[in-house]
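# Analysis of the macromolecular model
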Amino acid sequence: MPKTEADSARIAALRTRLLNWYARNRRDLPWRQSAAPYAIWVSEIMLQQTRVAVVIERYQAFMARFPTLLSLALAPEQDVLALWSGLGYYRRARMLHKAAQFVAENLGGNLPTSAGQLRTLPGIGVYTAAAIASIAHGEPVAVVDGNVERVLCRFAGWSASSGKSGGAAALRRKIENLAAKLLAPSRPGDFNQAMMELGALVCTPRNPLCADCPFAAECKTRGEHKTPRRAKMTSRAVAYALVVRMKPAASRRHSICGVRQVLLEQRSEYQSVMPGLWELPQLRSAEVPPTDLRMTLRHAIMQVNYYARIRDVAENELASLTASGGKRRWVSLTEASGMALTSLARKALTRAHLLTPPLPDPPPKL
DNA sequence: GACGCGTGGGC
DNA sequence: TGCCCAAGCGT
């Protein structure tokens, strides 16, 4: 089918409608206030498989602590993980850190500008390379993330099982081709963000707001979209030791009581899940006598619901109740709150009133 | 190409 | 309240 002038005009109209919609509806997100490639990079890594609402607070804290690529490159990995604590997918933080060090040492501290070169850095895949290159440098390359995929599949009437010509890979190519065709070559960064914003705000997975969609008139499906079923959750019981002691004051003269400390254990650097993060020492048995049971809490990790029991343990019981485990440290509660804790550990310490929550509770809803 | 990797929020 | 995620990447 030859490309006609009518096609070109139709595409131009779609671009204009999308960009106008974006100008009116774009959210004022922290990373949209900076044009620095480093800032865009950090935001894109944090946003991988993570909700915007969660990222907002964490992004600002991270940028306050590591305002430049060099400051990130020079920081100890534990500091980077501490700022990532609670965000999940901790490999992202390690790869971001590694990439920053590589850029600082080998590229004079300058992040590559083209998508092709960005792609070679750890943690930067096809999507992230295109996002940074288009948003920070205006390279005319289209992004395809989950939002864009959903928007374009609905728009074109494609479903995962559609067409005899191939499976997921063929569909993926069709989506990439369509995204590239629609891309506004003069404003690739705005266009890409507009497509993703449309997916996030209007063309949502469930209950899309087609009445507000700039593409509605040309959309094949008006919101129809099938997604594959997820695997079922499984459950598992675990138990952890809450061991608290009073560290004697350094000088009796200056302090009557000492500092309260808690025992933490570091997960191995080689574990696949949450390597290098700190948690409460795990107990050999998930069974806890009621008298020692401090609390129970549920914590979902991937497809597993962990029913965790937190047991009050005295120092002299520790050896018999816990496996030898990894590196352990007594830390003050103040220090613990700033460490790379797993979310389960932070949740347990917070609920035991040993830590204060990172942010005050929001005001109650009316 | 399929799988492993986390989490808090929304419905 | 239990389920479903959300701006992917590396292996």
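Residues numbered from 1 in each chain as written. Chains lettered and ligands numbered in written order. Predicted model: local features only at pLDDT ≥ 70, side-chain atom pairs only at ≥ 80, totals over all residues. Heavy atoms only, no water.

## Some words on the protein's contact with DNA strand B
Taken together, 18 residues form the shell around DNA strand B, and within it Tyr-90, Arg-91, Ser-272, Met-274 and Met-302 come nearest. The sugar-phosphate backbone supplies 54% of the atoms of DNA strand B found within 4 Å of the protein. In the environment of DNA strand B, a sugar or linking oxygen lies 3.3 Å from a nitrogen or oxygen atom belonging to the backbone of Gly-86. Contacts to DNA strand B include Tyr-90, whose backbone N or O atom sits 2.8 Å from a phosphate oxygen. Considering each element in turn, the surface near DNA strand B owes the most residues, three residues, to strand E5 (residues 293–301). The residue inventory of the surface near DNA strand B, partitioned by class, reads nine nonpolar, seven polar and two charged. (Near = heavy atom within 4 Å. Polar contact = N/O pair within 3.5 Å; in protein donor to acceptor, adjacent residues only side chain to side chain. Helix = DSSP H or I, 4+ residues; strand = E, 2+ residues; numbered from the N terminus. Nonpolar A, V, L, I, M, F, W, Y, C, P; charged D, E, K, R; others polar.)

## Details of the protein's contact with DNA strand C
In the neighbourhood of DNA strand C, 29 residues make up the surrounding shell, with Leu-47, Gly-123, Thr-128, Asp-145 and Asn-147 lying closest. Each atom of DNA strand C within 4 Å of the protein was classed as base or backbone; sugar and phosphate made up 68%. Contacts to DNA strand C include Gly-123, whose backbone N or O atom sits 2.6 Å from a phosphate oxygen. Tyr-127 is positioned such that a nitrogen or oxygen atom in its backbone is 3.4 Å from a phosphate oxygen of DNA strand C. Listed by contribution, the elements that provide at least two residues to the surface near DNA strand C are helix H2 (37–47), helix H6 (91–106), helix H8 (126–137), helix H9 (146–156) and helix H11 (188–201). Element by element, the count of residues in the surface near DNA strand C is highest for H8, at three residues. Within the surface near DNA strand C, the residues separate by chemical class into 11 nonpolar, eight polar and 10 charged.

## Details of the packing of aromatic side chains
Applying the stated rule across the entire model yields five aromatic pairs. Following the ring pairs from residue to residue traces out a cluster consisting of Phe-62, Phe-66 and Trp-84. Just above the ring of Trp-278 sits the side chain of Arg-329; from NZ or CZ to the centre is 5.9 Å. (Phe/Tyr/Trp six-rings, centres within 6.5 Å; stacked < 30°, edge-to-face > 60°. Lys NZ or Arg CZ within 6 Å of the ring centre and 35° of its normal.)

## As for the domain arrangement of chain A
Along its sequence, chain A is carved into domain 1 (5–218) and domain 2 (234–351). Residue-level contacts link eight residues of domain 1 with 14 residues of domain 2. Roughly 760 Å² is buried in total at the junction of domain 1 and domain 2, and carbon and sulfur atoms are behind 50% of that figure. Among the residues of domain 1 in contact with domain 2, Gln-78, Tyr-90 and Arg-94 are the three that bury the most area, contributing 55% of the side total. Across the contact surface, domain 1 and domain 2 share zero salt bridges. (Domains from an automatic or database assignment. Contact = heavy atoms within 4.5 Å. Buried area = accessible area lost by both parts, 1.4 Å probe. Salt bridge = Lys/Arg side-chain N within 4 Å of Asp/Glu carboxyl O.)

## Concerning the pairing of E5
As judged from the eight bridges shared by E5 and strand E6 (residues 304–312), these two strands associate in the antiparallel manner. Among the inter-strand pairings, His-299 is bridged to a residue of E6, identified as Tyr-306. Hairpin geometry of E5 and E6 is characterised by an intervening segment of two residues between the two adjacent antiparallel strands and by a positive phi of about 55° at Met-302. (Pairing = 2+ DSSP bridges.)

## Considerations on the sheet that holds E6
Pairing in this open sheet of three strands is mixed, and the strands run E1-E6-E5 from one edge to the other. The sheet is open, and its two edges are formed by strand E1 (234–242) and E5, each paired on a single side. Neighbouring strand axes in the sheet, compared pairwise and without regard to direction, differ in orientation by 20° on average. Packed onto the sheet, helix H14 (residues 343–351) meets E1, E5 and E6 and runs at close to 145° relative to E5. (Axes fitted to C-alpha atoms, helices over the stretch in contact; angles between N-to-C directions.)

## A word on unusual backbone geometry
We note that Gln-49 has phi near 55°; this positive angle belongs to a residue other than glycine. Inspection of the secondary structure puts Gln-49 in the loop between H2 and helix H3 (52–65). Owing to a relative accessible area of 71%, Gln-49 belongs among the exposed residues under this scheme. We note that His-353 has phi near 60°; this positive angle belongs to a residue other than glycine. One can find His-353 in the segment after H14. For His-353, a relative accessible area of 69% gives the class exposed. (Buried < 20%, exposed > 50% of the residue type's maximum accessible area, 1.4 Å probe, protein only.)

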